[in-house]
Amino acid sequence: MSLKKLTGSAGSSLTLRPVPAALVRGLRDVHSESDGRKLALDRAGVKGLRYPICVLDRANGLQHTVAEIDMSVSLPHRRRGAHMSRFVELLNRHRGEIDIRRFRALCSELRRDHDASAAHVTVRFPYFIEKRAPVTGAKGLVDYACTFGASVRADRTELWVGVEVPVTSLCPCSKAISRRGAHNQRSIIRVKVWFAKFFWLEDLIALIEDSASCDLYALLKRPDEKWVTERAYERPRFVEDLVREVGTRLKRERSFARWEAEAESLESIHAHSAYARLSYPGSSTVKS
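It should be emphasised that the depicted structure is a prediction, and the values quoted were computed from it without experimental measurement. (Residues numbered from 1 in each chain as written. Predicted model: local features only at pLDDT ≥ 70, side-chain atom pairs only at ≥ 80, totals over all residues. Heavy atoms only, no water.)

Novice: What is the right way to look at the overall build of the protein chain in this model?
Specialist: The number of helices and strands found in the protein chain is seven helices and eleven strands. A total of 288 residues make up the protein chain; the buried ones form 42% of that total. Counting contacts in the protein chain only where the partners sit at least 6 residues apart, residues at least 24 apart contribute 61% of the total. Approximately 17,100 Å² of the protein chain is accessible, and the part contributed by carbon and sulfur atoms is 50%. (Helix = DSSP H or I, 4+ residues; strand = E, 2+ residues; numbered from the N terminus. Buried < 20%, exposed > 50% of the residue type's maximum accessible area, 1.4 Å probe, protein only. Contact = heavy atoms within 4.5 Å. Areas by Shrake-Rupley, 256 points an atom, 1.4 Å probe, with all protein chains shown as cover.)

Novice: I tried to follow the confidence of the model for the protein chain on my own but got confused; where do I start?
Specialist: It should be kept in mind that the predicted coordinates are not to be read in detail where pLDDT is low. Predicted confidence across the protein chain gives a mean pLDDT of 88, with 89% of residues reaching 70 or more. Counting interchain partners and residues more than four positions distant, the pLDDT-below-50 stretch residues 1–6 has 16 contacts. (pLDDT = per-residue confidence, 0-100.)

Novice: For this particular structure, what's the right way to read the nonpolar core?
Specialist: Nonpolar side chains tend to gather and get buried jointly when the protein is soluble and globular. Grouped together as the largest cluster of nonpolar side chains are 60 residues, with contacts concentrated most on Val-123, Phe-125, Val-163 and Val-191. The contact partners of Val-163, leaving out residues within four places of it in the chain, are Ala-145, Cys-146, Ile-189, Arg-190, Val-191, Leu-201, Leu-204, Ile-205 and Ile-208. Grouped together as the second largest cluster of nonpolar side chains are five residues, Cys-214, Tyr-217, Val-228 and Ala-232 included. (Core = buried A, V, L, I, M, F, W, Y, C linked by side-chain atoms within 4.5 Å.)

Novice: So what exactly am I meant to see when it comes to helix H3 (residues 103–113) here?
Specialist: Because each turn of an α-helix spans 3.6 residues, side chains separated by three or four positions end up pointing in the same direction. Every buried residue belonging to H3 is among Phe-103, Leu-106, Cys-107, Ser-108, Glu-109 and Leu-110, and all of these are buried. Packing partners of the buried residues in H3 comprise strand E4 (61–75), helix H2 (84–93), strand E5 (118–132) and strand E6 (139–153).

Novice: Help me understand the pairing of E6 in this model?
Specialist: Put simply, side chains in a regular strand alternate between the two faces of the sheet. Across 15 bridges, the pairing between E5 and E6 is antiparallel. Its bridge partner being in E6, Arg-124 is matched across the sheet by Thr-147. Count of turn residues in the E5/E6 antiparallel hairpin: six residues, of which Gly-137 carries a positive phi of about 75°. Direction of pairing for E6 relative to strand E7 (residues 157–170): antiparallel, over a ladder of eight bridges. In the strand pairing of E7, Val-152 is matched with Thr-157. Taking the residues that link successive antiparallel strands as the turn, the E6-E7 hairpin has three residues. (Pairing = 2+ DSSP bridges.)

Novice: Sorry if this is basic, but what is going on with the environment of Glu-267 here?
Specialist: In this structure, Glu-267 sits in the loop between strand E10 (256–265) and strand E11 (274–280). As for Glu-267 and Asn-184, which are separated by 83 residues in sequence, their C-alpha atoms are 7.7 Å apart. Excluding residues within four positions of it along the chain, Glu-267 makes contact with His-183, Gln-185, His-272, Ser-273 and Ala-274. Only 3.0 Å separates the side chain of Glu-267 from the side chain of His-270, close enough to count as a polar contact. (Polar contact = N/O pair within 3.5 Å; in protein donor to acceptor, adjacent residues only side chain to side chain.)

Novice: So what exactly am I meant to see when it comes to the pattern of salt bridges here?
Specialist: Side chains bearing opposite charge may pair, as long as their charged atoms lie close to each other. The full count for this structure, using the stated rule, is 17 salt bridges. Between Glu-264 and Arg-190 there is a salt bridge, and its shortest N-O distance comes to 3.6 Å. One end of the pair, Glu-264, is in strand E10; the other, Arg-190, is in strand E8 (residues 184–195), and 74 residues separate them in sequence. A residue is classified by how much of its surface remains accessible, and Glu-264, at 23% relative accessible area, is partly exposed. (Salt bridge = Lys/Arg side-chain N within 4 Å of Asp/Glu carboxyl O.)

Novice: Looking at this structure, I do not really get the environment of Ile-53. What am I missing?
Specialist: Here Ile-53 is to be found in strand E3 (residues 41–57). Counting along the chain gives 14 residues from Ile-53 to Ala-67, while the straight-line C-alpha distance between them is 6.5 Å. What Ile-53 contacts, discounting residues up to four positions off in sequence, is Gln-63, His-64, Thr-65, Ala-67, Ile-98, Val-123 and Phe-125.

Novice: What is the right way to read the packing of aromatic side chains from this model?
Specialist: Here a ring pair, both rings aromatic, is described through the centre-centre distance and the interplanar angle of the planes. Enumeration according to the criterion identifies six aromatic pairs in this entry. With a centroid separation of 5.0 Å and an interplanar angle of 75°, the aromatic rings of Phe-125 and Phe-148 are classed as edge-to-face. Of the two residues, Phe-125 sits in strand E5 while Phe-148 sits in strand E6, which places them 23 residues apart along the sequence. Using a relative accessible area of 3% as the deciding quantity, one classes Phe-125 as buried. Ring centres 5.0 Å apart and planes at 85° place the aromatic pair Phe-199 and Phe-256 in the edge-to-face group. Taken together, the residues span a long stretch of sequence, with Phe-199 in the loop between E8 and helix H5 (201–209) and Phe-256 in strand E10 at a distance of 57 residues. (Phe/Tyr/Trp six-rings, centres within 6.5 Å; stacked < 30°, edge-to-face > 60°.)

Novice: Even after reading the chapter, I still don't get the packing of H5 against helix H7 (residues 239–251), so can you show me in this structure?
Specialist: Geometrically, a packed helix pair is captured by the angle between its two axes and the distance between the axes. Orientation of H5 relative to H7, taken along the N-to-C sense of each, is 135°, at an axis distance of 9 Å. On the basis of their axis angle, the class for H5 and H7 is oblique. Residue-level contacts link Leu-204, Leu-207 and Ile-208 of H5 to Val-246, Arg-249 and Leu-250 of H7. (Axes fitted to C-alpha atoms, helices over the stretch in contact; angles between N-to-C directions. Parallel < 35°, antiparallel > 145°, perpendicular 65-115°, else oblique.)

Novice: What is the right way to look at the packing of H2 against H3 in this model?
Specialist: For the pair H2 and H3, the least separation of the axes is 10 Å and the interaxial angle reads 145°. Of the two elements, H2 crosses H3, and the hand of that crossing is right-handed. Side by side, H2 and H3 meet where Arg-86, Phe-87, Leu-90 and Arg-93 of the first sit next to Leu-106, Glu-109, Leu-110 and Asp-113 of the second. (Left-handed = near helix turned anticlockwise from the far one by under 90°.)

Novice: Looking at this structure, how should I read the environment of Pro-172?
Specialist: Along the chain, the position of Pro-172 falls in helix H4 (residues 172–177). Taking the C-alpha atoms as reference points, Pro-172 and Phe-238, 66 residues apart in sequence, are found 6.5 Å from one another. Here Pro-172 is in contact with Pro-236, Arg-237, Phe-238 and Asp-241, once residues within four sequence places are set aside.

And the structure:
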């Protein structure tokens, strides 16, 4: 029986012996034992697992980031528990390969590993895009909260992507009734799209930013500040306008058969936020 040597965190040499198969067979597998309560579980698994991943980056090829991952499978009533170690083993097998193109395969593999009727994976991570200031061209990184999600069953697969995009919105009412200026605020637009083919995160983010009074930048000089202030003034948006503008653009994208959009404006003159939501297809959608 061969030995393997590994280096520990302090530089010491660790010797690990392969686990004999007879020992594994002799250990009690409580998870696989039957359960007498006859209640099947919709989901059982791990939540909040932090893990380094690589995401496709249109400008640079790959972007390294740290994700928070939820993984679960359906559990039949006859089985007491899910094998939690298999979730981490799956991530280790696919380290550096977690992107939109491979997400379906990863979730399908999870389902097979657990012999489950359904499997679900959600991966939340910060994604950085380098943006140039609109006048001076000063460079800076803006981060966006992104999520990949997949659910795989025997008869169907759902793949979705969510993004959270900070923008500027300027109040049309304030502009209309004020002799000077108009109040504006930072708003958050959250979009979730169900897709059937590959697309770039950058394109979805750009679509959302173009729907606002103005997008945000990491670094602005005085000429840039003048530009973004005047652009927002020329493009006033209620919170309702934000989701309708996003919805109008998403309906033109044939890649997305289903989507949800919501906006929250962190009001600058009120002690509360303004909120709106739109989904497609939905009861509020008017057919042409």
